[in-house]
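Tertiary structure, described
Listed below, chain by chain, are the residues.
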Amino acid sequence: MVISIQLTERQEKIISIVKYNQPITAENIAKQLNLTRATLRPDLAILTMSGILDARPKVGYFYTGKTTFSFISEKIKEEKVSDRKAIPVIVDEETIIYDAIVTMFLEDAGTVYVTANGYLTGVVSRKDFLKNAIGGLNLHNTPVAVIMTRMPNIVLTTPDETLLEAAMKLIEHEIDSLPVVEEVILDEDEKAYKVVGVINKTTVTRFLVELGNNE
Ligand code: ADP
């Protein structure tokens, strides 16, 4: 959740009083504004909750130096992949390309993840389908495994990564989505990945819109 950070004129005044008189008690801030302490209480609560002011008992209020901009930037860095992941579209390696294309349309997805025995083995995007359709591949009897981008060449994200880290991978690798995976140890050195979600350009854009609308 993003806390609203639209400051009122009075809150801006409080910030500037604290900035130049810190540490300063609520009573003294109230005096400077010709208001009562009770009137200021909600404003001081908002300013401390948002991290702009810091309150130390028996000492008073301090200005933390955090601008609203650095506050937004901190909020972005706190957002986790686990809170934003969407439901992935998954097909088995044996799935015929034609059926995978139908699935992609029905699920309104741009990328389909491919698994074998429930573990991630590949990814197929719109361009992969188009490229092979144009190339004349028989879409009715070829499995997706033939055309997919394979492990270990798949760029992954995990639930505990930040949304910002995931978004940076999308940009760096020029791809539309990342599978959100959980690692499973099969043998001593063999790792496999379960697909538990997807982060794509829509997921990231939705977060940006919520941030902008202070939702
Ligand atoms: P589109 O084909 O719709 O432009 P992408 O840009 O995501 O979609 O895909 C471009 C290429 O990158 C495709 O060949 C696809 O298989 C591959 N690809 C897609 N997602 C990933 C990923 N997470 N890791 C590695 N390769 C990917």
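Structure first, text after, so check above.
Keep in mind that this is a model prediction, so the values were computed, not measured.

1. Some thoughts on the pattern of salt bridges
Counting across every chain of the model gives 10 salt bridges. One salt bridge connects Arg-84 with Glu-79, and the closest N-O pair in it is separated by 2.8 Å. Each member of the pair, Arg-84 together with Glu-79, is buried. For Glu-210, the salt bridge identified is with Arg-84, shortest N-O distance 3.0 Å. Of this pair, Glu-210 sits in helix H9 (residues 201–212) while Arg-84 sits in helix H5 (residues 81–84); the two residues are 126 residues apart in sequence, bridging distant segments of the chain. Exposure remark for Arg-84: the relative accessible area of 16% places this residue in the buried category. When salt bridges with common partners are traced through the structure, they connect Glu-79, Arg-84 and Glu-210 into a single cluster.

2. Some words on helix H6 (residues 97–106)
Because the α-helix completes a turn every 3.6 residues, residues three or four places apart line up on one side. Burial in H6 covers these residues: Ile-97, Ala-100, Ile-101 and Met-104. With its buried residues spanning 100 degrees around the axis, H6 presents them on a single face. The exposed residues of H6 that point more than 90 degrees off its buried face are Phe-105 and Leu-106. The inward-facing, buried residues of H6 contact strand S4 (111–116), strand S5 (119–125) and helix H7 (126–134). Directly after H6, the chain includes Asp-108, whose backbone phi takes a positive value near 55 degrees.

3. Quick word on helix H2 (residues 26–33)
Among the residues making up H2, those that are buried are Ala-26, Ile-29, Ala-30 and Leu-33. Looking down the long axis of H2, one finds its buried residues gathered within 100 degrees of arc, a one-sided arrangement. On its buried face, H2 is in contact with helix H1 (9–21), helix H3 (37–49) and strand S2 (60–63). Just downstream of H2, Asn-34 is the residue with a positive phi angle, here 55 degrees.

Reading guide: rules and limits
Residues numbered from 1 in each chain as written. Predicted model: local features only at pLDDT ≥ 70, side-chain atom pairs only at ≥ 80, totals over all residues. Heavy atoms only, no water. Salt bridge = Lys/Arg side-chain N within 4 Å of Asp/Glu carboxyl O. Buried < 20%, exposed > 50% of the residue type's maximum accessible area, 1.4 Å probe, protein only. Helix = DSSP H or I, 4+ residues; strand = E, 2+ residues; numbered from the N terminus. Arc of directions from axis to C-beta. Contact = heavy atoms within 4.5 Å.

These figures come from the coordinates and say nothing about function on their own.
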